[in-house]
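# Summary of the model geometry
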Amino acid sequence: MRINNKVVLTIIMLFLTFVSLSLIFRESGNATVERGEAISVKPDWMPRHLDLDTNYGTYMVEKELNNMPSFVVSISKYKDREYLVSDYQDVHIVTMTGKNDKLTTLQVPNNIKVWNPTGVFFSDNSDTVYVANYNGHNILEFQIDRDNSSLQLVKEIKHPEMKSPENVVVSKDGKYIAVADYDGNSVFLFDNQGKHLWQCEIKQAHGVAIAEGYVYATGLTDREVVKIDMKGNIVKNTGKLGWGQNEYLWPTSIDVSNNGDVVVSDAHTGRLSFLDKELNFIGSIGGNGPGVDLFNFPYSAVFSDNMILVTDSMKGRILELDYSGKVMNQFVIGPVKISGIKGPVLSGSNGKEYTFESMTFDEISPDLLNSYKRAETSFVGGFNSIDLLTKNKTVLSQVEIDSQNSSVYTGDSFWYVTWIKKIDLDGSDYYIFGSPQHHTFIVYDPNSNIFAINNTHSELFDIWVYDDTVYGPEGRSTDLSGIVKEAKQQFDRFNSELRKGTPRKKAYQKVFYPEKSDADFDNWFTKMMTSKEAKEFLQQISKGADPETVAKKYFFAIKDEPYQYLLENLLVKVLSEPIKPIEELSGIAEIKNERKPYPGYGIAGSIDNDQNTYTGYVEGMQQSTFELVWKHPISISDITIEWLSDENRGLDYKMLGILPDGSSKVITNVKNNNEVTNNFSINGFPPIVKLVFEFDRGQGQNRLLMRNFRVWGTLLNK
């Protein structure tokens with residue numbers, strides 16, 4: 001049989017046309033949607049700068065409210081070039097045309113008593129907006145009255161087990177409503193009448209989307225992305241804590257494009273990660289940091305009209321990106337234009353995810369917050385903390401800004417990334433603690449041991465500090481000296497009170513909290529003392545103890561604590577005079593008469609950090625000694641002994657100080673010790689050049705076994 005070539009060609013063309021059409025349309029519920037453009041980002045996961053389009057625009061959005069930047073956390077398309085956004089307090093319409101850009105707040109009905117809108121979604125099918133009302137424990141559906149800029153309640157959706165809905169989304173066909181319930185640790189699915197269909201456990205569920213017969217969600221506890229079928233079964237999940245590929249710190253939102261690509265915004269790394277519909281990694285863009293080409297906690301990212309809309313929450317702006325991740329436009333809701341490029345990028349590492357080693361503060365001495373100076377340590381930025389690192393990059397301590405007791409005084413939101421900056425004013429050094437996600441500043445004057453909290457500058461946001469450079473929303477070298485000048489006026493008044501003979505605590509109350517009664521101030525002061533060491537400090541002060549002596553005891557006790565509290569630390573300083581830096585001196589001493597391990601025993605520890613020897617002696621020895629010898633005289637402040645274990649602690653021992661003239665004096669003589677760790681605070685002891693440790697009797701096998709022996713003080717006559 002002969003086949004005409006024209007017929008064959010016609011059949012092929014018809015087939016190709018059919019295939020092309022099948023690729024353009026696909027089913028989502030019962031709605032047919034047009035296939036969109038595919039994501040074309042690089043297959044990389046490192047935080048990095050965004051690419052800027054050569055013609056990208058910056059547009060300032062007119063606001064009807066005050067100048068506080070809106071903390072926009074959710075966005076949904078409303079009409080052409082109009083979007084609905086929520087910021088925990090209100091729902092707004094943002095018009096983004098590039099000409100008459102405006103933010104209009106929608107008034108909520110009076111009968112809604114609890115209003116905490118965290119998520120917003122507009123449904124074309126019903127022409128209504130759905131709001132996740134976090135503290136209201138419900139989902140509210142509204143019609144929008146444009147003439148009166150208000151919301152008209154249509155219905156409420158709730159469930160006995162729904163605790164704090166964070167986000168809400170409606171399927172394209174309008175049949176299903178999915179809810180991410182953060183405190184309820186669940187994703188809920190309802191029909192469009194509000195009937196409950198199922199509940200799927202996702203710990204700290206935050207982001208949610210519906211596409212092609214599946215519900216997609218993010219969970220913050222396990223840092224995961226989850227795909228759920230329409231019966232409520234998890235079919236796939238991916239993700240874990242970290243900075244790498246398929247790893248997240250805080251995956252706050254998720255959306256699916258018409259092409260099936262998935263975008264996940266990670267607020268704490270500043271990355272937008274792209275996955276295919278099977279949750280396989282495609283690539284990522286962005287990072288947190290200063291400037292127009294970095295984010296500051298992007299809480300939400302959604303696909304809209306072949307663009308990606310990003311709520312850059314802490315910069316107070318909305319970004320339009322193309323599908324390659326390039327910035328096309330920025331619409332600034334806050335009061336300050338965002339500018340500057342190629343600033344430092346925030347980064348962490350696995351195992352220390354929230355210690356930001358890229359944010360170093362080499363100009364800050366490690367004894368700033370504690371006079372007991374740790375050799376070869378340095379401060380770096382932390383998460384609601386300033387972190388102290390050792391030379392080998394181990395986190396020694398985290399000094400937290402906010403505690404449960406202090407947050408009302410440091411601002412009504414978490415500090416997140418935290419920095420410290422030294423400011424020279426009139427020849428004196430002052431220190432400012434701040435955060436790119438906060439507009440509260442803590443100013444500390446080490447010369448007077450006093451501090452002030454300033455939260456009056458709402459225009460100072462998105463402030464980043466790296467080394468000695470300050471980056472603000474408008475670029476490098478943002479001047480923070482004005483904050484210090486304001487605080488210095490209070491410091492001068494405080495010092496004036498001291499010169500009049502006013503006690504330090506009373507002077508602090510008069511200058512910084514004059515509105516508080518004595519009883520209220522005492523209650524506040526006590527509440528700020530979080531640790532048991534601080535409570536002991538206050539108790540001793542109330543009994544009339546010398547403030548400098550008990551302050552020194554407090555700082556010695558907390559020097560190795562992994563978690564410390566800034567306001568507690570500073571309030572202890574308020575009640576005492578500045579303490580001179582106290583160094584650890586055992587590391588610079590020559591160790592003499594230290595015995596090698598007894599055969600058959602492993603290495604237990606060494607006072608000179610020598611892994612081949614340790615302070616250990618055989619059973620039955622009547623007396624053993626070792627010596628620490630310094631080239632120059634030292635003034636002893638404290639001694640710490642950490643025994644190997646309770647079964648191997650020293651019971652009877654003596655320490656002698658050898659003075660420069662060769663004479664000796666007993667430092668301490670211990671009998672029947674019952675503690676594994678012994679701390680000695682030494683006051684008024686004359687300078688020494690040698691410390692002799694005499695061991696008489698030990699627990700158990702009567703062996704001298706120490707994990708640590710540390711001497712603190714001041715090196716004299718270098």
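## Topic: the packing of aromatic side chains
Enumeration over the complete set of coordinates arrives at 35 aromatic pairs. Between F71 and Y299, the aromatic rings sit 5.5 Å apart at their centres with planes inclined by 65°, giving edge-to-face as the arrangement. With F71 in the loop between β4 (62-63) and β5 (74-79) and Y299 in strand β27 (residues 298-304), the pair connects residues that are 228 residues apart, well separated along the chain. For the ring pair F556 and W712, a centre distance of 6.5 Å and an interplane angle of 90° mean the geometry is edge-to-face. Of this pair, F556 sits in helix α7 (residues 547-558) while W712 sits in strand β51 (residues 706-715), placing them 156 residues apart in sequence.

## A short note on the sheet that holds strand β20 (residues 234-238)
Across the sheet, which stays open at both edges, the 4 strands sit in the order β17-β18-β19-β20 with antiparallel pairing between neighbours. Looking along the sheet, the strands with just one partner apiece sit at the ends: β17 (205-211) and β20. Across the sheet, the mean angle from the axis of one strand to that of its neighbour is 20°, orientation sign disregarded. In the sheet, β17 pairs with strand β18 (residues 214-219) via 5 bridges, with the strands oriented antiparallel.

## Some words on unusual backbone geometry
Positive phi, close to 60°, is recorded for R81, a residue that is not glycine. Looking at where R81 falls in the secondary structure, it is placed in the loop between β5 and β6 (82-86). A relative accessible area of 25% places R81 in the partly exposed class. Of note, the phi angle at N185 is positive, near 55°, even though the residue is not glycine. By the secondary structure assignment, N185 is in the loop between β14 (176-181) and β15 (186-191). Given a relative accessible area of 28%, N185 falls into the partly exposed group.

## Some thoughts on the pattern of salt bridges
One pass over the full model with this rule turns up 24 salt bridges. Here K79 and D127 are joined by a salt bridge, their closest N and O atoms 3.3 Å apart. Here the residue K79 occupies a position in strand β5, and D127 occupies one in the loop between β9 (117-123) and β10 (128-133), the gap between them amounting to 48 residues. Judged by its relative accessible area of 36%, K79 falls in the partly exposed class. The partner of K352 in a salt bridge is E357, with the nearest N and O atoms 2.9 Å apart. A single network of salt bridges, built from pairs that share partners, joins E497, K500 and K510.

Each value, and the rule that gives it
Residues numbered from 1 in each chain as written. Predicted model: local features only at pLDDT ≥ 70, side-chain atom pairs only at ≥ 80, totals over all residues. Heavy atoms only, no water. Phe/Tyr/Trp six-rings, centres within 6.5 Å; stacked < 30°, edge-to-face > 60°. Helix = DSSP H or I, 4+ residues; strand = E, 2+ residues; numbered from the N terminus. Pairing = 2+ DSSP bridges. Axes fitted to C-alpha atoms, helices over the stretch in contact; angles between N-to-C directions. Buried < 20%, exposed > 50% of the residue type's maximum accessible area, 1.4 Å probe, protein only. Salt bridge = Lys/Arg side-chain N within 4 Å of Asp/Glu carboxyl O.

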